[in-house]
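# Residue-level structure breakdown
One letter stands for each residue in the lines below.
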Amino acid sequence: MSKNIMVFAGIGCLALSLASEVRSVTWDGGAADAGCTNPVNWVGDVAPLAGDPILFDSNSTANPLTYLGADFTISGLAVLNPSGAISVDSNTLTVGVGGLDLSRATQNLSITSAVALSAGQEWAVTNGRTLTVAGAIANGGNALVVTGGGAVAVSGAISGAGGLTYRGPGIL
(Lines give C-alpha, C1' and ligand atoms only; values in the text may rest on other atoms or scores of the structure.)
Protein backbone atom coordinates (compact mmCIF):
# COMPACT_ATOMS: atom_id res chain seq x y z
CA MET A 1 0.00 0.00 0.00
CA SER A 2 2.82 2.45 0.72
CA LYS A 3 4.15 1.88 -2.82
CA ASN A 4 0.83 3.10 -4.27
CA ILE A 5 0.96 6.25 -2.19
CA MET A 6 4.50 6.98 -3.37
CA VAL A 7 3.49 6.46 -7.01
CA PHE A 8 0.54 8.84 -6.69
CA ALA A 9 2.68 11.39 -4.84
CA GLY A 10 5.25 11.19 -7.64
CA ILE A 11 2.57 11.72 -10.30
CA GLY A 12 1.23 14.70 -8.35
CA CYS A 13 4.68 16.29 -8.19
CA LEU A 14 5.11 15.76 -11.94
CA ALA A 15 1.74 17.39 -12.63
CA LEU A 16 2.64 20.38 -10.43
CA SER A 17 6.01 20.67 -12.15
CA LEU A 18 4.41 20.70 -15.61
CA ALA A 19 1.73 23.18 -14.54
CA SER A 20 4.33 25.58 -13.17
CA GLU A 21 6.01 25.74 -16.59
CA VAL A 22 3.01 27.51 -18.15
CA ARG A 23 3.92 31.15 -18.52
CA SER A 24 1.67 34.14 -18.93
CA VAL A 25 3.00 36.78 -21.28
CA THR A 26 2.21 40.39 -20.40
CA TRP A 27 1.88 43.27 -22.86
CA ASP A 28 3.79 46.46 -22.04
CA GLY A 29 3.66 48.17 -25.44
CA GLY A 30 7.33 49.17 -25.21
CA ALA A 31 8.02 49.27 -28.95
CA ALA A 32 7.35 52.13 -31.36
CA ASP A 33 4.78 49.92 -33.10
CA ALA A 34 1.88 47.97 -31.60
CA GLY A 35 2.70 44.63 -33.22
CA CYS A 36 2.07 41.45 -31.24
CA THR A 37 5.06 39.76 -32.85
CA ASN A 38 7.50 42.49 -31.74
CA PRO A 39 9.22 41.19 -28.59
CA VAL A 40 9.81 44.74 -27.29
CA ASN A 41 6.03 45.04 -26.75
CA TRP A 42 6.11 42.35 -24.06
CA VAL A 43 7.43 42.38 -20.50
CA GLY A 44 11.02 41.08 -20.56
CA ASP A 45 11.13 41.75 -24.34
CA VAL A 46 10.06 38.17 -25.05
CA ALA A 47 7.21 37.70 -27.53
CA PRO A 48 4.63 35.03 -26.72
CA LEU A 49 4.90 31.57 -28.18
CA ALA A 50 1.92 29.94 -29.87
CA GLY A 51 -0.49 28.84 -27.16
CA ASP A 52 0.76 31.17 -24.40
CA PRO A 53 -1.84 32.94 -22.23
CA ILE A 54 -1.82 36.71 -22.77
CA LEU A 55 -2.30 39.30 -20.03
CA PHE A 56 -3.03 43.03 -20.13
CA ASP A 57 -2.42 44.48 -16.65
CA SER A 58 -0.83 47.49 -14.93
CA ASN A 59 2.33 46.88 -17.01
CA SER A 60 0.24 47.54 -20.14
CA THR A 61 0.78 51.29 -20.32
CA ALA A 62 1.43 51.95 -24.03
CA ASN A 63 0.11 51.00 -27.46
CA PRO A 64 -3.19 49.49 -26.28
CA LEU A 65 -4.36 49.31 -29.92
CA THR A 66 -2.49 46.12 -30.78
CA TYR A 67 -2.38 44.50 -34.19
CA LEU A 68 -1.62 40.85 -34.81
CA GLY A 69 0.42 41.23 -37.99
CA ALA A 70 -0.09 37.50 -38.64
CA ASP A 71 -2.47 34.81 -37.49
CA PHE A 72 -1.94 34.48 -33.73
CA THR A 73 -2.73 31.53 -31.41
CA ILE A 74 -3.12 31.96 -27.65
CA SER A 75 -4.48 29.75 -24.88
CA GLY A 76 -6.45 32.69 -23.48
CA LEU A 77 -6.49 36.44 -22.97
CA ALA A 78 -7.09 38.26 -19.68
CA VAL A 79 -7.65 41.96 -19.09
CA LEU A 80 -7.02 43.23 -15.58
CA ASN A 81 -6.02 46.88 -15.09
CA PRO A 82 -4.23 48.30 -18.15
CA SER A 83 -3.94 52.08 -18.58
CA GLY A 84 -6.61 52.16 -21.31
CA ALA A 85 -9.07 50.10 -23.32
CA ILE A 86 -7.48 47.22 -25.27
CA SER A 87 -8.04 46.65 -28.98
CA VAL A 88 -6.87 43.70 -31.10
CA ASP A 89 -6.89 44.10 -34.88
CA SER A 90 -6.04 42.24 -38.12
CA ASN A 91 -5.64 38.61 -39.16
CA THR A 92 -7.12 35.74 -37.10
CA LEU A 93 -6.86 35.34 -33.34
CA THR A 94 -7.18 31.68 -32.33
CA VAL A 95 -8.19 31.33 -28.68
CA GLY A 96 -7.82 28.16 -26.63
CA VAL A 97 -9.41 26.80 -23.48
CA GLY A 98 -8.49 29.92 -21.43
CA GLY A 99 -11.03 31.98 -23.37
CA LEU A 100 -11.41 35.71 -22.83
CA ASP A 101 -11.35 36.82 -19.20
CA LEU A 102 -12.61 40.28 -18.30
CA SER A 103 -13.98 39.07 -14.95
CA ARG A 104 -11.73 41.52 -13.03
CA ALA A 105 -11.21 44.07 -15.81
CA THR A 106 -11.04 47.81 -15.30
CA GLN A 107 -10.97 48.44 -19.08
CA ASN A 108 -12.91 47.20 -22.12
CA LEU A 109 -11.69 44.85 -24.86
CA SER A 110 -12.45 45.25 -28.56
CA ILE A 111 -11.49 42.60 -31.13
CA THR A 112 -11.86 43.42 -34.81
CA SER A 113 -9.84 40.39 -35.91
CA ALA A 114 -11.50 37.19 -36.95
CA VAL A 115 -11.69 34.83 -33.96
CA ALA A 116 -11.31 31.04 -34.09
CA LEU A 117 -11.98 28.82 -31.07
CA SER A 118 -9.57 25.90 -30.73
CA ALA A 119 -11.33 24.53 -27.62
CA GLY A 120 -14.53 24.93 -25.64
CA GLN A 121 -14.22 28.07 -23.53
CA GLU A 122 -15.74 30.82 -21.43
CA TRP A 123 -15.83 34.52 -22.16
CA ALA A 124 -16.36 36.26 -18.80
CA VAL A 125 -17.14 39.97 -18.61
CA THR A 126 -17.63 41.80 -15.31
CA ASN A 127 -20.21 44.49 -14.52
CA GLY A 128 -19.50 47.82 -16.20
CA ARG A 129 -17.16 46.35 -18.85
CA THR A 130 -17.77 45.65 -22.53
CA LEU A 131 -16.31 42.99 -24.81
CA THR A 132 -16.84 43.91 -28.47
CA VAL A 133 -16.11 41.34 -31.18
CA ALA A 134 -16.53 42.75 -34.70
CA GLY A 135 -14.73 39.98 -36.57
CA ALA A 136 -16.30 36.70 -37.60
CA ILE A 137 -16.23 33.95 -34.95
CA ALA A 138 -15.57 30.35 -36.07
CA ASN A 139 -16.27 28.06 -33.13
CA GLY A 140 -14.77 25.00 -34.81
CA GLY A 141 -17.41 22.79 -33.18
CA ASN A 142 -16.39 24.03 -29.71
CA ALA A 143 -18.86 25.34 -27.14
CA LEU A 144 -18.69 29.01 -26.20
CA VAL A 145 -20.14 30.08 -22.84
CA VAL A 146 -20.54 33.81 -22.16
CA THR A 147 -20.85 34.78 -18.47
CA GLY A 148 -20.88 37.79 -16.18
CA GLY A 149 -22.73 41.02 -15.70
CA GLY A 150 -20.99 43.02 -18.42
CA ALA A 151 -21.98 43.60 -22.03
CA VAL A 152 -20.85 41.45 -24.96
CA ALA A 153 -21.43 42.89 -28.45
CA VAL A 154 -20.87 40.55 -31.40
CA SER A 155 -21.37 42.03 -34.87
CA GLY A 156 -19.51 39.43 -36.93
CA ALA A 157 -21.03 36.15 -38.07
CA ILE A 158 -20.78 33.14 -35.75
CA SER A 159 -20.22 29.83 -37.52
CA GLY A 160 -19.75 26.22 -36.47
CA ALA A 161 -21.71 23.57 -34.62
CA GLY A 162 -20.25 24.21 -31.16
CA GLY A 163 -23.09 26.28 -29.79
CA LEU A 164 -23.35 29.45 -27.75
CA THR A 165 -24.63 29.59 -24.16
CA TYR A 166 -25.25 32.80 -22.28
CA ARG A 167 -25.29 32.85 -18.46
CA GLY A 168 -25.58 35.93 -16.33
CA PRO A 169 -27.35 39.24 -15.92
CA GLY A 170 -25.26 41.07 -18.53
CA ILE A 171 -26.20 41.94 -22.11
CA LEU A 172 -25.43 39.80 -25.15
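Per chain, residues are indexed from 1 in the order of the written sequence. Predicted model: local features are reported for residues with pLDDT of at least 70 only, side-chain atom pairs are reported and counted for 80 or more only, and whole-chain, interface and lining totals are derived from all residues. Excluded from the side-chain calculations are hydrogens and water; all other atoms, namely the structure's heavy atoms, are used.

### Here we look at the packing of aromatic side chains
- Only rings of Phe, Tyr and Trp enter the pairing, Trp through its six-membered ring, and a pair is recorded when the two centres are within 6.5 Å. The plane angle decides the type: under 30 degrees is stacked, over 60 is edge-to-face, the rest tilted. Counted under the stated rule, the structure contains two aromatic pairs.
- Considering the side-chain rings of W27 and W42, the 5.0 Å spacing of their centres and the 90 degrees angle between planes classify their relative orientation as edge-to-face. Highlighted residues: W27 in the loop between β1 (25-26) and β2 (53-56) and W42 in the loop between β1 and β2, separated in sequence by 15 residues. For the pair shown, W27 and W42 are each scored as buried.
- A ring pair is formed by W27 and F56, whose centres lie 6.1 Å apart and whose planes are at 40 degrees; its orientation type is tilted. Taken as a pair, W27 in the loop between β1 and β2 and F56 in strand β2 lie far apart in primary sequence, 29 residues in all. For the pair W27 and F56, one class covers both residues: buried. Here a helix means four or more residues in a row that DSSP labels H or I, a strand means two or more in a row labelled E, and each is numbered from the N terminus. Note on exposure labels: buried denotes an accessible area under 20% of the residue type's maximum, exposed denotes more than 50%, and partly exposed covers the range between, all computed with a 1.4 Å probe on protein chains only.

### Thoughts on the sheet that holds strand β10 (residues 130-133)
- Ordered by their spatial adjacency, five strands build an open sheet running β3-β5-β7-β10-β13, and the pairing between neighbours is parallel. The sheet is open, and its two borders are formed by β3 (65-67) and β13 (151-154), each paired with just one other strand. On average, each strand axis in the sheet is inclined to that of its neighbour by 10 degrees, with strand direction left out of account.
- Following DSSP output, two strands are said to pair if at least two bridges run between them. Relative to β13, β10 runs parallel, the two sharing four bridges. All axes are obtained by fitting lines to C-alpha atoms, using only the stretch in contact for helices, and the reported angles, taken between N-to-C directions, cover 0 to 180 degrees.

### A look at the environment of P53
- With respect to the secondary-structure elements, P53 resides in strand β2.
- Residues P53 and G76 lie 23 residues apart in sequence; the distance between their C-alpha atoms is 4.8 Å.

### Section: the confidence of the model for the protein chain
- Looking at any residue, its pLDDT shows the predictor's confidence there, from 0 to 100. Here the protein chain shows a mean pLDDT of 88. Residues at 70 or above account for 87%.
- Low pLDDT, under 50, characterises residues 1-20; the stretch is placed with zero contacts to residues that sit more than four places away or in other chains. Contacts were defined at the residue level, with two residues in contact if any of their heavy atoms lie within 4.5 Å.

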